[in-house]
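Summary of the model geometry
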Amino acid sequence: MNSLRHRHRSVIGLSVLAALITVAGCSSADDSASAAVPSPGAKVTGLCRGLDKMLPSKVDDQDRRDPEPASALTAGWGNPAIILRCGVVRPAKMNDPEADGVEVNGVGWLLQKEDDGSFRFTTTLRKAYVEVTIPKDRTGDGMAPLVDLAKSIKKAIPAGIAD
């Protein structure tokens, strides 16, 4: 009879352990976004570091939650995360005269719809290219993230042509 009780406890213990591992695995994957860190030259890196200090704590009513790896060249808000990367290379799509663009509060953006349903916006006519990716789950919010970011971008990244 003791051996039966011991076996029953072991089976329950393994089930609980498996459930905890599953929950822990799911929550850690959902909690943090990741973003490739750009590697611009020193001048653009300086502009991007200045932008990082001016970025709002909330974008589209979402709290700032920076992606991994941590960098002054990347920022994020919410979950799923709206991701900003500063100092990205000039998108080849900017050479396309039929590319879609939009201006939001004085900041020009190249608009690209991604295969996964997200939208990527990249600043135009600024001394550094700033990219903002809005996940498909947040695209119903329209241009709200760009509105929230425009003031900081205009202040930190001067108008002009990036090198």
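What counts as what
- Residues numbered from 1 in each chain as written.
- Predicted model: local features only at pLDDT ≥ 70, side-chain atom pairs only at ≥ 80, totals over all residues.
- Heavy atoms only, no water.
- Helix = DSSP H or I, 4+ residues; strand = E, 2+ residues; numbered from the N terminus.
- Contact = heavy atoms within 4.5 Å.
- Buried < 20%, exposed > 50% of the residue type's maximum accessible area, 1.4 Å probe, protein only.
- Pairing = 2+ DSSP bridges.
- Disulfide = S-S within 2.5 Å.

**A closer look at the environment of T133**
Within the secondary structure layout, T133 lies in strand β8 (residues 130-134). On a C-alpha basis, the gap between T133 and K113 in space is 9.7 Å, while along the polypeptide they are 20 residues apart. Every residue in contact with T133, bar those within four places of it in the chain, is listed here: A81, I82, I83, S118, F119 and R120.

**Regarding the pairing of β8**
Consecutive side chains along a regular strand alternate between the two faces of the sheet. In terms of residue burial, β8 counts as a mostly covered element, since four of its five residues are buried. Relative to β8, strand β4 (residues 82-86) runs antiparallel, the two being bridged by four bridges. The residue bridging C86 from the neighbouring strand is V130, located in β8. Bridge count for strand β7 (residues 119-124) against β8 is four bridges, and the pairing is antiparallel. Within β8, the residue paired with F119 across the bridge is I134.

**Considerations on the state of the cysteines**
Put plainly, two cysteines are in a disulfide when a covalent bond ties their sulfur atoms together. According to the stated counting rule, one finds one disulfide in the structure shown. Shown here is the disulfide that connects C48 with C86, its sulfur atoms set 2.1 Å apart. Disulfide C48 to C86: torsion about the S-S bond roughly -75°, handedness left-handed. Here the residue C48 occupies a position in helix α2 (residues 42-54), and C86 occupies one in strand β4, the gap between them amounting to 38 residues.

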